[in-house]
Amino acid sequence: MCGIVGYIGSRNAYPILIKGLKRLEYRGYDSAGIALQNGSVNVYKKQGKVTELEEHMMGMDLSGTMGIGHTRWATHGEPSDLNAHPHVSNNGDFTIIHNGIIENYTVLRTSLIEQGYKFKSETDTEVLANLIEYIYRSQKVSAEDAVHLALSKVVGAYGLVILCNQENDKIIAARKSSPLVIGLGENEYFLASDATPIIEYTDRVIYLDNDDVAVIKRDELILKSTKRNDALKPRIQTLDLGISEIEKNGYDHFMLKEIFEQPRSIRDTFRGRLNLEKNEIKLGGLYNVHDKLIHAKRIIILACGTSWHAGLVGEYLFEDLARVQVEVDYASEFRYRNPLISEEDIVIAISQSGETADTLAAIQLAKEKGATVLGICNVVGSSISRETHAGVYTHAGPEIGVASTKAFTAQVTVLTMMAMIIARSRGLVGNERFAGLLNELEDIPEKIDKILQQNDKLKEIASIYKNVNNALYLGRGVSYPVALEGALKLKEISYIHAEGYPAAEMKHGPIALIDENMPVVVIATKDSSYEKIVSNVQEVKARNGIVIAVVTEGDDTIEKMADHVIEIPATDPVLVSLLSSVPLQLIAYHIAVMRECNVDQPRNLAKSVTVE
Ligand code: F6R
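Everything numeric in this text was worked out from a predicted model, so none of it was measured.

**Student:** Account for the side chain of serine 494, with residues named and values stated.
**Tutor:** Mapped onto the elements of the fold, serine 494 is located in helix H16 (residues 479–494). Once residues lying within four places of it in the same chain are set aside, the contact partners of serine 494 are Ile591, Ala592, Arg595 and Cys597.

As structure tokens, then:
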């Protein structure tokens, strides 16, 4: 969703800001803007892509060694030039960019209108700009104090970066539930909503905590909290992120790069955690909760979208291997029910970005009810990783394509390792079975490599079905979430309607859809329900349906029935989702490319969904 970038130092700010905005494009947005401070503040903003803003700014005054930039994903008010950020207060004192939502903005807006303030946009952000200015002028306080006072009146979430026209030697930044990171250079600072625009300048960063307000001058950074008045000691961290990880490196799209990265990303997920010699798995982030975890009566998994699908795979793993009762819930549903949670429950929140608003709110609720909350996140330092009691990073590397691919397989890898740890600690998996699973897990990257070698064949299948209007994905057991995930990948990037279903449910409704035009993708690998899925394939074929089957290497039964078979290497059935999800990602990718869709930034979607 919205992205923030900022710079203060001695270099020209514009090239840093525009490049930063391009780096943030992956988050999803509909308009972009930049403000440059050069004696006075010049604001440029445009609905549309960052390149349109760039064209609009050609020939303008782009000087200034300090400035801020924003990509907006519309919440309050349609995408338009006027609603784009930055927003300037009525008298021009404050120019601000903002991620998040000010929930009480209507009340604040009304009282500012009573004070004579006028609004050009429909946004909550313009209200905030004017509120700060109103306090600054009426109470004759410093810019920093005006920000603190304004924030004390605000209900909601914000990542906020502010320029003050009268105090033009500083940038003020504030955070509550919407991330902000500050990069440290030599007499210069970089600001952003995530580290991607910063990484090429510095690896020394400070992640702001909730309620932090930073006043940043070229040679000084002062950090305070809205809760206390004394200065805080900033915690400087080193970014573990390389520039090549956020570039396409010769691939046509980030999504394709990320699909092909999976052998590497899965290895990174289990690096230093699997020990074949000692026949053990260690997840350092869970040491403090180990006892609670192994004695848990119930695990509740909370997530959204693809991460929720990983959670469903987790349900099978925990129940099958560790015999723990598991519930998987959409975070958005969980938070608005009156869920039954006890102090003995373990909640696992799964999130690639670590910023998903619904997941964060669900975590809050679970904590209030006394549960122990664990996180599985990809983005280091993200809000969810901070809000949870303990957790495990997936270490898949930055995922830039909006459609999640490598994050999903990394999440499943972590869930597998967790299930194996609990199973062994509970005495449910003996040394031999544990060693077998460990070896199979170690072999997964190599097996994915083999699947990736079938890319041309998958592209050919995609070319046959690129014009269909509907597709059905079927799977049983652990392959059911894979079917859901395959369908989600197709619909979100190619805009073809696709549904995932438990294969046995087909005859309770979806079977009515089957005809000679709609492909049915069946995940039919060898496991305990193989015979049943063979029957499902026959049911589809008996109605002249088209079957694309994902099968285990060497399967000659389904080969005789299906229109297309995609072979994946044999593995332990517990691990099969790590393999079977990969060809489905590639089919969706190729279909979307052939339909000339914007694969990396599908319409209306955002990479991190920071609003509910
Ligand atoms: C789909 C996709 C989304 C995300 C969902 C949750 O490809 O990426 O469905 O999985 O928005 O996001 P995170 O995992 O960041 O909480």
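More follows now that the structure is in view.
**Student:** Account for the environment of aspartate 572, naming residues and giving values.
**Tutor:** Looking at the element boundaries, aspartate 572 is found in the loop between strand E26 (564–568) and helix H18 (577–594). Distance from aspartate 572 to glycine 436, taken between C-alpha atoms, is 8.7 Å for residues 136 residues apart in sequence. Dropping the residues within four chain positions of it, aspartate 572 is found in contact with Arg433, Leu437 and Glu440.

**Student:** Residues and numbers for the pattern of salt bridges, please.
**Tutor:** Overall, the coordinates contain 31 salt bridges when judged by the stated rule. With a shortest N-O distance of 2.7 Å, aspartate 194 and arginine 27 are connected by a salt bridge. Of the two residues, aspartate 194 sits in the loop between strand E10 (189–192) and strand E11 (204–207) while arginine 27 sits in the loop between helix H1 (13–24) and strand E2 (31–38), which places them 167 residues apart along the sequence. Accessibility classification places aspartate 194 together with arginine 27 in one group, the buried group. Of the charged contacts in the structure, one is a salt bridge between lysine 406 and glutamate 261, with a shortest N-O distance of 2.7 Å. A residue pair is termed long-range when its members are at least 10 positions apart, and lysine 406 in helix H13 (residues 406–425) and glutamate 261 in the loop between helix H6 (254–260) and helix H7 (262–270) qualify at 145 residues.

**Student:** Could you give an account of a negative patch on the surface, naming the residues involved and the relevant values?
**Tutor:** Together, Glu442, Asp443, Glu446 and Asp449 line one region of the surface with negative charge. Secondary-structure assignment places aspartate 449 in helix H14 (residues 431–452). Assessed through its relative accessible area of 35%, aspartate 449 is described here as partly exposed.

**Student:** Could you give me a rundown of the pairing of strand E19 (residues 346–351), with the residues and numbers involved?
**Tutor:** Of all the 6 residues making up E19, 6 are buried; the element is thus mostly covered by neighbouring parts of the structure. Burial along E19 is two-sided: the residues Ile346, Ile348 and Ile350 and Val347, Ala349 and Ser351 are all buried. As paired elements, strand E17 (residues 298–303) and E19 share 4 bridges and run parallel to each other. Residue isoleucine 299 lies in a different strand from E19, and its bridge partner there is isoleucine 346. Summarising the sheet, E19 and strand E20 (residues 372–377) pair through 6 bridges and their orientation is parallel. Bridging across to E20, isoleucine 348 finds its partner in leucine 374. This β-α-β element, E19 to helix H11 (residues 357–368) to E20, shows right-handed connectivity.

**Student:** Tell me about helix H17 (residues 530–541), and name the residues and values.
**Tutor:** The end-to-end C-alpha distance of H17 is 17 Å, a good match for the 16 Å that 12 residues give at a rise of 1.5 Å each. The set of residues buried in H17 consists of Tyr530, Ile533, Val534, Asn536, Val537 and Val540. Down the axis of H17, the smallest arc covering the buried residues is 155 degrees, so these residues share one side. Of the surrounding secondary structure, the elements contacted by the buried residues of H17 are strand E22 (470–475), strand E24 (519–523) and strand E25 (546–552).

**Student:** Break down the site of the ligand for me, with residues and values.
**Tutor:** The environment of the ligand is made up of 15 residues, and the closest members are Ser307, Ser351, Ser353, Thr356 and Glu492. One of the side-chain nitrogen or oxygen atoms of serine 307 is found 2.6 Å away from an oxygen atom of the ligand. Between lysine 489 and the ligand, the recorded distance is 3.0 Å, taken from a side-chain N or O atom to an oxygen atom. At the level of secondary structure, the elements contributing two or more residues to the shell around the ligand comprise helix H9 (305–322) and H16. In terms of residue class, the shell around the ligand is made up of 5 nonpolar, 8 polar and 2 charged. Built from parts of two domains, the shell around the ligand gets at least three residues from each of domain 2 (248–449) and domain 3 (454–602).

**Student:** Describe in detail the pairing of strand E21 (residues 390–393), supporting the description with residues and values.
**Tutor:** The side chains of a regular strand alternate between both faces of the sheet. Side chains of E21 alternate between two faces, with Ala390 and Val392 buried and Gly391 and Tyr393 left unburied. Alignment of E20 against E21, held across 4 bridges, turns out to be parallel. Along E21, the bridge assignment pairs glycine 375 with glycine 391.

**Student:** Explain the side chain of glutamate 387 residue by residue, including any values.
**Tutor:** As for its position among the elements, glutamate 387 is in helix H12 (residues 383–387). Among residues more than four places away in sequence, those in contact with glutamate 387 are Asn210, Leu360, Ile363, Gln364 and Lys367.

**Student:** Help me get a handle on the domain arrangement of the protein, residues and values and all.
**Tutor:** The domain architecture assigned to the protein consists of domain 1 (3–244), domain 2 (248–449) and domain 3 (454–602). Computed over C-alpha atoms only, the centres of domain 1 and domain 2 are separated by 33 Å. Listed per partner, the contact involves 10 residues of domain 1 and 12 residues of domain 2. A combined buried area of about 910 Å² lies between domain 1 and domain 2, and 47% of that area is made up of carbon and sulfur atoms. Among the residues of domain 1 in contact with domain 2, Tyr26, Tyr207 and Ser244 are the three that bury the most area, contributing 47% of the side total. For the interface between domain 1 and domain 2, the tally reads 1 salt bridge. Across the pair arginine 386 and aspartate 209 runs a salt bridge, and its minimum N-O distance is 2.0 Å. Grouping the constituent residues of the side of domain 1 that touches domain 2 by class yields 5 nonpolar, 3 polar and 2 charged.

**Student:** Account for the sheet that holds strand E3 (residues 40–47), with residues named and values stated.
**Tutor:** The strand order across the open sheet built from 8 strands is E3-E2-E4-E1-E10-E9-E11-E14, with neighbouring strands paired in antiparallel fashion. The open sheet has two free edges, formed respectively by E3 and strand E14 (237–238), since each of these has just one partner strand. Set on the sheet, H1 makes contact with strand E1 (3–8), E2, strand E4 (66–72) and E10; between it and E1 the angle comes to about 160 degrees. Relative to E3, helix H2 (residues 50–57) is tilted by about 130 degrees, and along the sheet it contacts E2, E3 and E4.

**Student:** Quick rundown of the sheet that holds E20? Include the residues and the values.
**Tutor:** The 5 strands lie next to each other as E18-E17-E19-E20-E21, forming an open sheet whose pairing is parallel. Only two strands of the sheet have a single neighbouring strand rather than two, namely strand E18 (325–330) and E21. Strand-to-strand twist across the sheet, computed as the mean angle between neighbouring axes with direction ignored, equals 20 degrees. Sitting on the sheet, H11 touches E17, E19 and E20, and the angle it makes with E19 is about 165 degrees. In the packing of H13 onto the sheet, the strands contacted are E17, E19, E20 and E21, and the crossing angle to E20 comes to about 140 degrees.

Reading the values: the criteria
Residues numbered from 1 in each chain as written. Predicted model: local features only at pLDDT ≥ 70, side-chain atom pairs only at ≥ 80, totals over all residues. Heavy atoms only, no water. Helix = DSSP H or I, 4+ residues; strand = E, 2+ residues; numbered from the N terminus. Contact = heavy atoms within 4.5 Å. Salt bridge = Lys/Arg side-chain N within 4 Å of Asp/Glu carboxyl O. Buried < 20%, exposed > 50% of the residue type's maximum accessible area, 1.4 Å probe, protein only. Patch = residues over 30% accessible without salt bridge, like charges linked within 9 Å, V, L, I, M, F, W, Y side chains within 5 Å. Areas by Shrake-Rupley, 256 points an atom, 1.4 Å probe, with all protein chains shown as cover. Lys, Arg positive; Asp, Glu negative; His and termini not counted. Charge placed at Lys NZ, Arg CZ, Asp CG, Glu CD. Pairing = 2+ DSSP bridges. Right-handed = clockwise from strand over helix to strand, strands pointing away. Expected span 1.5 Å × (residues − 1). Arc of directions from axis to C-beta. Near = heavy atom within 4 Å. Polar contact = N/O pair within 3.5 Å; in protein donor to acceptor, adjacent residues only side chain to side chain. Nonpolar A, V, L, I, M, F, W, Y, C, P; charged D, E, K, R; others polar. Domains from an automatic or database assignment. Buried area = accessible area lost by both parts, 1.4 Å probe. Axes fitted to C-alpha atoms, helices over the stretch in contact; angles between N-to-C directions.

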